[in-house]
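# Fold and geometry: a report
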There are 2 protein chains.
Amino acid sequence: MVQKTKQEKVVVIYSGGMDSFTVLNRALADGYQVFAVSFHYGQRHHRELEVASEACKKLGVEHKVVDIRNINQLLAGSSLTDDIDIPDAEYATSNMTSTVVPNRNMILLSLAIGYAVSIKANKVYYGAHSGDHDIYPDCRPEFVEAMNHVSQIANYDAVSIHSPYLQQSKADILADGIKMGLDYSQTWTCYNGRDKACGRCSACRERLAAFASHGLSDPLEYEAAE
Amino acid sequence: MVQKTKQEKVVVIYSGGMDSFTVLNRALADGYQVFAVSFHYGQRHHRELEVASEACKKLGVEHKVVDIRNINQLLAGSSLTDDIDIPDAEYATSNMTSTVVPNRNMILLSLAIGYAVSIKANKVYYGAHSGDHDIYPDCRPEFVEAMNHVSQIANYDAVSIHSPYLQQSKADILADGIKMGLDYSQTWTCYNGRDKACGRCSACRERLAAFASHGLSDPLEYEAAE
């Protein structure tokens, strides 16, 4: 638990998914004034971003959505932004490497750090967790540590990267969220952007597994019962 | 001098100014296939970017210009992008801190690293030099070293940051460019975007001082003789 500091500002990178929704609420519970930022980097659909805006409105949290799709002329090869098929089936390395956007988290963190500097926040909350360590190099503790180091010295004012769930699983994150009484129907995880979550893509499966591990059912509506 | 490796690709962050023009040519002289990238982040004028495109065309170098002005909704407080007066007079800390864009170089490097990953280049050339160390934290050796560390581990493939002039002055950079026979009329340095360089802003003064230190006159046309 981070010690409460009245009125201290933090930036939260907030995608609208269940992990960063929990991180956002964790930052609020830690007593900070939260500035949430979401990035539109060419995700296949806008559901996550819409859900993110609604959740921030409900929480009374300042929220910016920044359209950075122009950077995709530099980045290529990810099924999250390109026309490659999204892998169904389980969330495992062999299937998921195609969802890696080159250097995504360094890019998003560098923008969030710039935002923190400009509003005089000295911390960025970032929802890396252990479930992604195998697949995404930029979710691993050594990456977060290295980013935290460089963000101490890149500007006149030091900014720290705080990843409250860095060594925890998605189920652990959910446990903290349940403890905080969060309503996960205000989140979106599915890689598809239809009315209801598909329940079949790897992101849905991982989410459902986290709920199942606590013997809970997901409050989100799904197209197909698992 | 870097050893030549036939066909190896590198990304060069290229603003159109004299330092990065020299870096671009240094990368070519080092034997690399160069992919130049310029960023439009809301500079007051487009002269540098236009000059950059022309120079790349002449050199036959692939050049991308990425419009990232949307990120300015996160960043504030710099006279290079805002409506604050540009400091005339000498290029010194007290005058120039207002030209600091929050976290600029981490942002630009993270994008260049993403580009490198996507085209399978393993190096990014970045023109930091010692003249900027006092003013810009993100031009200092410790920053470049920290960025180089994180860029080794952020993706499946390691990318190195190469700053050939990190410990050298602007005059030293110019000396290398003169040795390479470069034509500096193909560069733009002035903070103002008029037909001719103003000769009075701090960037012009620093540039003119570099030429003067070699007993040379700048081939660029100036509004006012110094």
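Residues numbered from 1 in each chain as written. Chains lettered and ligands numbered in written order. Predicted model: local features only at pLDDT ≥ 70, side-chain atom pairs only at ≥ 80, totals over all residues.

## Some details on helix α2 (residues 47–59) of chain A
Residue and element names in this part refer to chain A. Taking 1.5 Å as the rise per residue, α2 with 13 residues should run 18 Å; its terminal C-alpha atoms sit 18 Å apart, in good agreement. All of the buried residues along α2 are E48, L49, V51, A52, A55 and C56. Burial along α2 is one-sided: seen end-on, the buried residues are contained in an arc of 160°. Seen from the buried face of α2, the exposed residues on the opposite side, beyond 90 degrees, are K57 and K58. One or two positions beyond α2, positive phi appears at G60, with a value near 70°. (Helix = DSSP H or I, 4+ residues; strand = E, 2+ residues; numbered from the N terminus. Expected span 1.5 Å × (residues − 1). Buried ≥ 20, exposed ≤ 12 C-beta atoms within 10 Å, placed from the backbone. Arc of directions from axis to C-beta.)

## Brief notes about the UniProt feature "binding site: Zn(2+)" (unreviewed entry) in chain A
Residue and element names in this part refer to chain A. Residues given the UniProt feature "binding site: Zn(2+)" (unreviewed entry) here are C190, C198, C201 and C204. Within the secondary structure layout, C190 lies in the loop between α6 (170–179) and α7 (202–213). Apart from the residues lying within four places of it in its own chain, the contact partners of C190 are A197, C198, C201, A203 and C204. Assignment of secondary structure puts C201 in the loop between α6 and α7. (UniProt positions renumbered as here; feature names shortened; annotations may be inferred. Contact = placed C-beta atoms within 7 Å.)

## Looking at the sheet that holds strand β1 (residues 9–13) of chain A
Residue and element names in this part refer to chain A. Spatially, the 5 strands line up as an open sheet ordered β3-β2-β1-β4-β5, and their pairing is parallel. If you trace the sheet from one side to the other, it starts and ends with β3 (62–67) and β5 (160–162), each paired once. Across the sheet, the axes of successive neighbouring strands diverge by a mean angle of 25°, strand direction being ignored. (Pairing = 2+ DSSP bridges. Axes fitted to C-alpha atoms, helices over the stretch in contact; angles between N-to-C directions.)

## Considering the interface of chain B and chain A
Counting residues at the interface gives 35 residues for chain B, matched by 35 residues for chain A. Broken down by secondary-structure element, the contributors of at least two residues to the side of chain B that touches chain A are β3 (62–67), α4 (104–119) and α5 (141–153) of chain B. For the side of chain B that touches chain A, the leading source of residues is α4(B), giving 9 residues. Of the residues in the side of chain B that touches chain A, the class split is 22 nonpolar, 9 polar and 4 charged. (Nonpolar A, V, L, I, M, F, W, Y, C, P; charged D, E, K, R; others polar.)

## Examining the nonpolar core
V12(A), A112(A), V124(A), V12(B), A112(B) and V124(B) are the most contacted members of the largest nonpolar core, which totals 130 residues. Leaving out residues up to four positions away in the same chain, A112(A) has contacts with V11(A), I13(A), V37(A) and V124(A). (Core = buried A, V, L, I, M, F, W, Y, C linked by C-beta atoms within 7 Å.)

## A word on the relation of the copies chain B and chain A
With an RMSD of 0.0 Å, the fit of chain B onto chain A corresponds to turning through 180° and sliding 0.0 Å along the axis. The two molecules are tied by a two-fold rotation axis, judged by turn and shift. A symmetric contact is evident, with 100% of the interface residues of chain B recurring at the interface of chain A. (Least-squares fit on C-alpha atoms with pLDDT ≥ 70 in both.)

## Concerning the environment of L24(B)
Residue and element names in this part refer to chain B. Its place among the elements puts L24 in helix α1 (residues 18–29). It is 7.8 Å that separates the C-alpha atoms of L24 and Y125, two residues lying 101 residues apart in sequence. If sequence neighbours within four positions are ignored, L24 has contacts with V12, Y14, V34 and A36.

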